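Chain residues, written in single-letter form:
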Amino acid sequence: MKIYEKAPAKINLMLDVLYKRPDGYHEVEMIMTMVDLADRLEMSELPRDTIIISSQAGYIPLDEKNLAFKAAKLIKERYKVPSGVYIHLDKNIPVAAGLAGGSSDAAATLRGLNRLWKLGISDAELMELGAELGSDVPFCVTGGTALATGRGEKLIPVAHPPQCWVILAKLPINVSTEEVYGRFRSDRITKHPSASRMMQALDSGSFHGMCQELGNVLEEVTLQMHPEVAHLKETMLRLGADGVLMSGSGPTVFGLVSKESKVPRIYNGLRGFCKEVYAVRLLTK
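Rules used in this analysis
Residues numbered from 1 in each chain as written. Predicted model: local features only at pLDDT ≥ 70, side-chain atom pairs only at ≥ 80, totals over all residues. Heavy atoms only, no water. Helix = DSSP H or I, 4+ residues; strand = E, 2+ residues; numbered from the N terminus. Rg over C-alpha atoms; globule rule 2.2 N^0.38 Å. Buried < 20%, exposed > 50% of the residue type's maximum accessible area, 1.4 Å probe, protein only. Contact = heavy atoms within 4.5 Å. Areas by Shrake-Rupley, 256 points an atom, 1.4 Å probe, with all protein chains shown as cover. Lys, Arg positive; Asp, Glu negative; His and termini not counted. Charge placed at Lys NZ, Arg CZ, Asp CG, Glu CD. Axes fitted to C-alpha atoms, helices over the stretch in contact; angles between N-to-C directions. Parallel < 35°, antiparallel > 145°, perpendicular 65-115°, else oblique. Left-handed = near helix turned anticlockwise from the far one by under 90°. Core = buried A, V, L, I, M, F, W, Y, C linked by side-chain atoms within 4.5 Å. Salt bridge = Lys/Arg side-chain N within 4 Å of Asp/Glu carboxyl O. Nonpolar A, V, L, I, M, F, W, Y, C, P; charged D, E, K, R; others polar. Pairing = 2+ DSSP bridges.

**Student:** What am I meant to see in the overall build of the protein here?
**Tutor:** Counting its regular elements, the protein contains 10 helices and 11 strands. Scaling as 2.2 N^0.38, a compact globule of 285 residues should have a C-alpha radius of gyration of about 19 Å, and the protein matches this with 19 Å. The principal-axis extents of the C-alpha atoms in the protein amount to approximately 55 × 45 × 35 Å. Taking all 285 residues of the protein together, the buried fraction comes to 58%. Sequence separation of 24 or more characterises 75% of the internal contacts of the protein that already satisfy a separation of 6 or more. As presented, the protein carries roughly 12,700 Å² of accessible surface, and 50% of it is formed by carbon and sulfur atoms. In the protein, which carries 34 positive and 33 negative side-chain charges, the distance between the mean positions of the two groups comes to 3 Å.

What follows is the structure, given as C-alpha cells:
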C-alpha cells in the first residue's frame, strides 16, 4: 500500500514580530496562505523498524536533519508503531527560501503516516505534534489561510485571498531564519504591518486592499544582509506586479498579479537574472 501526500509552499501576506519572549522565541503575528507549488511525498510501509528517505534532489539531507524524517520518527515513537516506513520526497519547493518547504514536508509526513498506519489522529493532535517540529508545521498540517500568533503555532482561520497569480522568485542565496531573527531589533522598525487591516481586505475580497496591506518586518534585516533582494523587489514592481513582498525570512520574493496577461512579461523578465522563478496560483479552498 502506498500513500501520496502533497506538501504546498506557503507565503506570508503579512509578518510582524512583536517582541522576544523569555523562552528565546519571538512573538509573531502573521497571515499565511498557500500556493500551488508543492513537494510530493510517497510513503509505503516497511516490515522492519526503520525510516528510509530518498529524493531526486541531491542537496537535501536524508537523515535526522530532514524534517520529514523527524516527523516520521516522532509519530512512530509517540504511537509505538513497530513497523518502518519508506518515504520518497519529490522536491520542487526551493530550500531555505522562506516558503516553509521543510515544514510542509513534515506536515505531509504526519498526515500520510496517520493514514498509512490507520492511527486515527485528529487534525488538532497532528497540529500539536507539528508544533514540536517547527513553528510553521501546525499551519502546514491543515493549510488554507490563517492568522498565526505565538511563535506561529496558534492559528485562527481567516478569509481566503481573492484568486490571483503569484510569481515566486528566489535568488541563488540561502538565508538562515535563525540569523535573521538574531539580527532583528524591534525598536528599529518604523512601520508595522496590520493584521486587522489585512483581514478586512480579505473579508471584503479586495485584491487592491490586500496588495496595499502587504508587509514583512523581517525585510529590513534580510535586505541589509542581501541588497540584491531589494533589487529583485524593485524589478518585480517595475515589470508590473500589483503587490510585492519577501516571504518569511527570505530570500524568496513574491509578486501578486491580478491579470494573467501580465504574467509572461514578469516571469520572463525575472528569468533574465534569476534561475528559480515560478508562476503559480493561490491554493484557495
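Picking up where we left off.
**Student:** Sorry, what's going on with the side chain of Thr 109 here?
**Tutor:** Within the element layout of this structure, Thr 109 appears in helix α2 (residues 101-116). Thr 109 gets classed as buried once you look at its relative accessible area, which sits at 0%. Apart from the residues lying within four places of it in its own chain, the contact partners of Thr 109 are Leu 41, Met 43, Ala 68, Ala 71, Ala 72 and Ile 87.

**Student:** Please clarify how the packing of α2 against helix α3 (residues 123-133) should be interpreted in this entry.
**Tutor:** For any two helices packed against each other, one specifies the inter-axial angle together with the distance between the axes. Look at α2 against α3: their axes get within 10 Å of each other, and the N-to-C directions meet at 140°. Relative to α3, the element α2 is oriented oblique. In terms of crossing hand, the pair formed by α2 and α3 is right-handed. When α2 is examined against α3, the residues Ala 106, Leu 110, Arg 111 and Asn 114 are found in contact with a partner set consisting of Leu 126, Leu 129, Gly 130 and Leu 133.

**Student:** Just to check I follow, could you spell out the nonpolar core for this structure?
**Tutor:** Nonpolar side chains tend toward joint burial in soluble globular proteins. Among the nonpolar cores identified, the biggest contains 70 residues, and Val 85 and Leu 270 are the most heavily contacted of them. Setting aside chain neighbours within four positions, we find Val 85 in contact with Met 43, Ser 44, Leu 46, Thr 50, Ile 51, Ile 52, Ala 72, Leu 113, Leu 116 and Trp 117. With 27 residues, the next largest nonpolar core counts Ile 11, Leu 37, Leu 147 and Cys 164 among its residues.

**Student:** I keep staring at the pattern of salt bridges and nothing clicks. Help me out?
**Tutor:** The final tally for this structure, using the stated rule, is 15 salt bridges. In this structure, the salt-bridge partner of Arg 21 is Asp 23, at a minimum N-O distance of 2.6 Å. Classification of Asp 23 by relative accessible area gives partly exposed; the value is 46%. Between Asp 49 and Lys 76 there is a salt bridge whose closest N-O contact spans 2.4 Å. Linking Asp 49 in the loop between β2 (26-46) and β3 (51-55) with Lys 76 in helix α1 (residues 67-78), this pair joins segments that are 27 residues apart in sequence. Linked through salt bridges whose partners overlap, the residues forming this network are Glu 5, Arg 111 and Arg 115.

**Student:** Just checking my understanding: could you explain the packing of α1 against α3 for this structure?
**Tutor:** Between α1 and α3, the least distance of the axes is 10 Å, while the angle of their chain directions is 125°. The orientation of α1 with respect to α3, classified from their angle, is oblique. Seen from above, α1 lies across α3 with right-handed handedness. In contact with Leu 67, Lys 70, Ala 71, Leu 74, Ile 75 and Arg 78 of α1, α3 contributes Leu 126, Leu 129, Glu 132 and Leu 133. A per-class count over the contact of α1 with α3 returns 7 nonpolar, no polar and 3 charged.

**Student:** What is the right way to read the environment of Arg 197 from this model?
**Tutor:** Position of Arg 197 among the secondary structure elements: in helix α6 (residues 195-204). Taking the relative accessible area as the measure of exposure, Arg 197 reaches 43% and is therefore partly exposed. Separated by 12 residues in sequence, Arg 197 and Gly 209 place their C-alpha atoms 8.5 Å apart.

**Student:** What is the right way to read the sheet that holds strand β11 (residues 276-281) from this model?
**Tutor:** Neighbouring strands of a sheet are bound in pairs by backbone hydrogen bonds; such pairs are parallel or else antiparallel. With antiparallel pairing, 4 strands are arranged side by side in an open sheet as β9-β10-β7-β11. At either end of the open sheet lies a strand with only one pairing partner, and these are β9 (243-246) and β11. Taking the axes of each pair of neighbouring strands and ignoring which way they run, one obtains an average angle of 20° across the sheet. Here 4 bridges tie β9 to strand β10 (residues 253-257), and the two strands are oriented antiparallel to one another.

Such coordinate-based values are descriptive only and should not be taken to indicate function.
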